[in-house]
Amino acid sequence: MVLNSKETTLAYRCPVCGKFIFGMVGLFTLTGDFIKLKCDCGGSEATIAYTSDRKLRITVPCLFCPTPHTYLLSSGAFFDRELLALSCTYSGMDVCYIGQTDRVSKAAKDADEELLDLLEDAGFDDFASFLAGRNSVGGEDNVDEEYRIDYAQIEEIVRYMLVELAEEGNLSCGCKEGEVARYDFEFCGDAVRVFCHTCGYEVKIPMSSTLSANAFLHTDHLTLEAPKS
């Protein structure tokens, strides 16, 4: 008797070369309960591993954040969905797709088109020019003017989004009933710290470029958390 192994397709965008990397993952191919899906350029990799309770921990790199994102999924969610999108918490952009090959391929194509529109709005001619600025080395003095952070524009975007999210009830913190939340923000290096004056809860949002700020415009909900001691 031949066992029919469950299989699913996983795709993530390499933040170094910009292309989507596709791989088939089978129920019985998680050798040693762990596999890696590497980009041909050698600049990134996604990992999939079983946890002690047999859930799957997926770690994928992000085009907008300096560190990878980690997601915890049940076996059913990983293998049985037609399409599952995993998104960056800060930019709201999808960083990984899991599911049927044709559905994943279409989602990746749609994501490319959405990203190109976003890049054009941010002032980039194409994806290559964005990667050239993002991956440039040698310090800020060697970065062209179009890649420098426009703090005035970022401040305007963040201020607008905080008002919008608060008015729509999509900005939450630790304030108790009867307390009036007072939201504010400040720049902290290459991030923006959003915080509440009343309860002290906060969250840091990567803002390494004006592109990151424009991606923040896609945020549907923002949750502030108690500051770490």
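Quick look at the structure, then. (Residues numbered from 1 in each chain as written. Predicted model: local features only at pLDDT ≥ 70, side-chain atom pairs only at ≥ 80, totals over all residues. Heavy atoms only, no water.)

1. Re the pairing of strand 8 (residues 94-99)
By the criterion of burial, strand 8 is predominantly enclosed, with 5 of the 6 residues buried. The sheet contact formed by strand 7 (residues 83-87) and strand 8 spans 5 bridges and is antiparallel. Paired with Leu 83 across the strands is Gly 99, a residue of strand 8. (Buried < 20%, exposed > 50% of the residue type's maximum accessible area, 1.4 Å probe, protein only. Helix = DSSP H or I, 4+ residues; strand = E, 2+ residues; numbered from the N terminus. Pairing = 2+ DSSP bridges.)

2. Overview of the environment of Thr 101
Checked against the element boundaries, Thr 101 lands in helix 2 (residues 101-121). For Thr 101, the residues in contact, after removing those within four places along its chain, are Thr 9 and Met 24. (Contact = heavy atoms within 4.5 Å.)

3. Focus on the packing of aromatic side chains
One pass over the structure, following the stated rule, counts 3 aromatic pairs. With a centroid separation of 6.4 Å and 50 degrees between ring planes, the pair formed by Phe 20 and Phe 22 is classed as tilted. On the basis of relative accessible area, Phe 20 is assigned to the buried category, the value being 12%. Aromatic pair Phe 20 and Tyr 97: ring centres 6.1 Å apart, planes at 40 degrees, arrangement tilted. Of the two residues, Phe 20 sits in strand 2 (residues 20-26) while Tyr 97 sits in strand 8, which places them 77 residues apart along the sequence. Given a relative accessible area of 5%, Tyr 97 falls into the buried group. Between Arg 193 and the ring centre of Phe 195, over which it is positioned, the NZ or CZ distance is 4.2 Å. (Phe/Tyr/Trp six-rings, centres within 6.5 Å; stacked < 30°, edge-to-face > 60°. Lys NZ or Arg CZ within 6 Å of the ring centre and 35° of its normal.)

4. Some details on the nonpolar core
Membership of the largest hydrophobic core comes to 37 residues, with the highest contact counts inside it found for Leu 10, Tyr 12, Ile 58 and Phe 78. Setting aside residues no more than four positions away along its own chain, Phe 78 makes contact with Thr 8, Leu 10, Val 25, Ile 48, Leu 56, Ile 58, Leu 73 and Ile 98. With 17 residues, the next largest nonpolar core counts Ile 157, Cys 196, Val 203 and Leu 222 among its residues. (Core = buried A, V, L, I, M, F, W, Y, C linked by side-chain atoms within 4.5 Å.)

5. Quick word on the sheet that holds strand 1 (residues 7-13)
Hydrogen bonds between backbone atoms are what pair the strands of a sheet, whose relative direction is either parallel or antiparallel. Reading across from one edge, 2-1-8-7 is the order of the 4 strands in this open sheet, with antiparallel pairing throughout. The open sheet is flanked by strand 2 and strand 7, the only strands paired with a single partner. On average, each strand axis in the sheet is inclined to that of its neighbour by 20 degrees, with strand direction left out of account. In this sheet, strand 8 lies alongside strand 1 in antiparallel orientation, the contact comprising 4 bridges. Bridged to Leu 10 within strand 8 is Ile 98. (Axes fitted to C-alpha atoms, helices over the stretch in contact; angles between N-to-C directions.)

6. Points about the environment of Ser 129
Along the polypeptide, Ser 129 turns up in helix 3 (residues 127-134). Separated by 10 residues in sequence, Ser 129 and Leu 119 have C-alpha atoms that sit 9.5 Å apart.

7. Points about the sheet that holds strand 12 (residues 202-206)
Pairing in this open sheet of 3 strands is antiparallel, and the strands run 10-11-12 from one edge to the other. Two strands lie at the open edges of the sheet, namely strand 10 (183-188) and strand 12, each paired on one side alone. Across the sheet, the axes of successive neighbouring strands diverge by a mean angle of 25 degrees, strand direction being ignored. Where strand 11 (residues 191-196) lies against strand 12, 5 bridges are found, and the strand directions are antiparallel. Paired with Phe 195 across the strands is Glu 202, a residue of strand 12.

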